[in-house]
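Structural characterization, general
Residue strings, one per chain:
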Amino acid sequence: MSNVSTTAAAAVAEDLAVAGAAPKKRKQRKAGSGNKQMTLGRAAAWSVLTVVMIASLFPVYWALRTALSNNNAIIQDTGSLAPPEFTTFNFQRVLGLGEVTSEEIQAAGANDVQFDIRGPLVNSLITSTLITVGQVFFCAMSAYAFARLKFKGREAVFTVFLSALMVPPIFALIPNLLLIRDMEIDLGIFAIDMGWLPFADEKSGWTSTYPGLVAPYILMTPFAIFFLRQFFIGISKEVEEAAVLDGAGHTRRFFQVILPMAAAPIFTLALITYVNSWNEFLWPFTAGKNLEVITVALNDFRAQTPGTTRPDWSGLMTATFIAGAPILALFAVLGRKVVDSIQFSGIK
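These notes cover the structure that comes with them. (Residues numbered from 1 in each chain as written. Predicted model: local features only at pLDDT ≥ 70, side-chain atom pairs only at ≥ 80, totals over all residues. Heavy atoms only, no water.)

Another aspect to go through is the overall build of the protein chain. The helix and strand inventory of the protein chain stands at 15 helices and zero strands. With 348 residues in all, the protein chain has 35% of them scored as buried. Nonlocal contacts in the protein chain, meaning residues at least 24 apart in sequence, comprise 66% of its contacts between residues at least 6 apart. (Helix = DSSP H or I, 4+ residues; strand = E, 2+ residues; numbered from the N terminus. Buried < 20%, exposed > 50% of the residue type's maximum accessible area, 1.4 Å probe, protein only. Contact = heavy atoms within 4.5 Å.)

So this is what it looks like as structure tokens:
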């Protein structure tokens, strides 16, 4: 009897082991199938990302390829990915590095037009930096007031202020220009005559000056305030209450608590503001005719190309690539901050 019972027990144990192993094998097959699907999905995602990246960067490469080419060779060799008749003469001419003779310009197939991008580049750097620093600072304070300070009519004021997003900027162009022109503050050597405008008189005010170019944008914009306010609302009030227990007022809480926690959104807003300021054309073209920024200078350089001759594509692409280089460098430095801001939270 003992042998029979032992045999039966062994058979039952074997059946249980087989029954337990079957689900494990099924789980392993499912896990293997999931890994395979994950691998295929990731490969497809990387493929799409690679195509989008190439499509985005190819115009930048093509501008560089054109800038490093002889202007005559561009028309003759349009299908080559490499620069036809490689040359750095276009960078030398646009950046004003050394003297350039008319014979060298003609040999390069370019137009005999004097163009030095260094001045407009410096003007764009100054105006964009002033606008970015001022706008981010003042918008952060305004957003903090709308998010934390309690006063009567706060939500109504914010709604009215936010409705300014629906007003096209072109509506404020002429009023801003007249206001800047009639400024009475003496700017000394920065004041330049604005007589090219039909309605301008002997006063020039702030036209064609750095204060005049940055004045409409340096204080605040509705989008920037809305962007930062939404983040400030998400910050836990317990953090500020702890600072209040330490005797911190609104100013100290703003600079020592809120701003450090909002570093990622502020970097993102600064990057957006800088790019928009750098690309601005209509206001500098109208109010800064004698103080050209990079976008206005590129437009003037293109306009100087006679319509009956071959366009100076190499010179124009050289200036365009130089104009876009600071923005590319800015994205390379602050790109990680932008990604972090997408995933920000109130407390880290």
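Turning next to a nonpolar patch on the surface. The grouping of Phe-137, Phe-138, Met-141, Leu-219, Met-220 and Phe-255 at the surface amounts to a nonpolar patch, some 490 Å² of accessible area in total. Along the chain, Phe-138 turns up in helix α5 (residues 118–148). (Patch = residues over 30% accessible without salt bridge, like charges linked within 9 Å, V, L, I, M, F, W, Y side chains within 5 Å. Areas by Shrake-Rupley, 256 points an atom, 1.4 Å probe, with all protein chains shown as cover. Salt bridge = Lys/Arg side-chain N within 4 Å of Asp/Glu carboxyl O.)

Here we come to the environment of Ala-73. Mapped onto the elements of the fold, Ala-73 is located in helix α2 (residues 71–76). Along the backbone, Ala-73 and Glu-85 are 12 residues apart, and their C-alpha atoms lie at a distance of 6.6 Å. Those residues in contact with Ala-73 that lie beyond four places of it in its chain are Pro-84 and Glu-85.

Attention shifts here to helix α9 (residues 222–234). Between its first and last C-alpha, α9 extends 19 Å over 13 residues, near the 18 Å set by a 1.5 Å rise per residue. When we look at burial in α9, the residues that qualify are Pro-222, Ala-224, Ile-225, Leu-228, Arg-229, Phe-231 and Phe-232. (Expected span 1.5 Å × (residues − 1).)

Another point: the environment of Pro-169. Along the chain, Pro-169 turns up in the loop between α6 (154–162) and α7 (173–181). Each C-alpha atom of the pair Pro-169 and Leu-282 lies 9.9 Å from the other, and the pair is 113 residues apart in sequence.

Each full turn of the α-helix corresponds to 3.6 residues, which orients residues three or four apart in the same direction. The end-to-end C-alpha distance of helix α12 (residues 263–279), which contains 17 residues, comes to 24 Å, matching closely the 24 Å that a straight helix rising 1.5 Å per residue would cover. Judged by how many residues are buried, α12 sits mostly within the fold: 12 of 17 residues are covered.

In this model, Glu-85 sits at a positive phi of 55°, which is unusual for a non-glycine residue. Here Glu-85 is to be found in the loop between α2 and α3 (89–94). A positive phi angle, close to 60°, is found at Ser-208, a residue other than glycine. Ser-208 sits in the buried class, given a relative accessible area of 1%.

Checked against the element boundaries, Thr-87 lands in the loop between α2 and α3. Within the structure, Thr-87 has its side chain in polar contact with the backbone nitrogen of Phe-89 (distance 3.1 Å). When residues no more than four places from it in sequence are discounted, the contact partners of Thr-87 are Ala-67, Leu-68, Ser-69 and Asn-70. (Polar contact = N/O pair within 3.5 Å; in protein donor to acceptor, adjacent residues only side chain to side chain.)

Overall, the coordinates contain six salt bridges when judged by the stated rule. Residues Glu-155 and Arg-154 are paired through a salt bridge, measuring 3.3 Å at the closest nitrogen-oxygen approach. Relative accessible area serves as the criterion here: at 19%, Arg-154 is assigned to the buried category. Where Arg-229 meets Glu-155, a salt bridge forms, and the shortest distance between an N and an O atom there is 3.5 Å. Of this pair, Arg-229 sits in helix α9 while Glu-155 sits in helix α6, placing them 74 residues apart in sequence. Connected through shared salt-bridge partners, Arg-148, Glu-240 and Arg-253 make up one network.

Turning our eyes to something else, we now look at the packing of aromatic side chains. For the structure on display, the rule yields 12 aromatic pairs. Through a chain of ring-to-ring contacts, three or more aromatic side chains come together here, namely Phe-137, Phe-138, Tyr-144, Phe-254 and Phe-255. The residue whose ring lies beneath Arg-65 is Trp-62, and the NZ or CZ to ring-centre distance is 4.2 Å. Taking the ring centre of Phe-158 as reference, the NZ or CZ of Arg-229 above it sits at 4.1 Å. (Phe/Tyr/Trp six-rings, centres within 6.5 Å; stacked < 30°, edge-to-face > 60°. Lys NZ or Arg CZ within 6 Å of the ring centre and 35° of its normal.)

So, on to the packing of α5 against α6. Running from N to C, α5 and α6 point in directions that differ by 140°, and their axes come no closer than 9 Å. The angle between α5 and α6 falls in the class oblique. Crossing geometry of α5 relative to α6 is assigned as left-handed. From α5, Ala-145, Phe-146, Ala-147 and Arg-148 reach across to α6, where they touch Arg-154, Val-157 and Phe-158. Its residues assigned to classes, the contact of α5 with α6 comprises five nonpolar, no polar and two charged. (Axes fitted to C-alpha atoms, helices over the stretch in contact; angles between N-to-C directions. Parallel < 35°, antiparallel > 145°, perpendicular 65-115°, else oblique. Left-handed = near helix turned anticlockwise from the far one by under 90°. Nonpolar A, V, L, I, M, F, W, Y, C, P; charged D, E, K, R; others polar.)

We now examine the nonpolar core. Membership of the largest hydrophobic core comes to 24 residues, with the highest contact counts inside it found for Ile-225, Leu-228, Phe-232 and Ile-235. The element contributing the most residues to this core is α5, with seven residues. Leaving out residues up to four positions away in the same chain, Phe-232 has contacts with Ala-140, Ala-143, Tyr-144, Ala-147, Arg-148, Ile-258 and Ala-262. Among the nonpolar cores identified, the runner-up in size contains 21 residues, and Phe-115, Ile-117, Ile-322 and Ile-327 belong to it. (Core = buried A, V, L, I, M, F, W, Y, C linked by side-chain atoms within 4.5 Å.)

The next thing to look at is the packing of α5 against helix α11 (residues 250–261). Where α5 meets α11, the axes come as close as 12 Å, and the angle between the chain directions of the two elements is 110°. When the axis of α5 is compared with that of α11, the two are roughly perpendicular. Regarding α5 and α11, the two cross each other, and that crossing is right-handed. Residues Phe-137, Ala-140, Met-141 and Tyr-144 of α5 touch α11, and the partners they reach there are His-250, Arg-253, Phe-254, Phe-255, Ile-258 and Leu-259.

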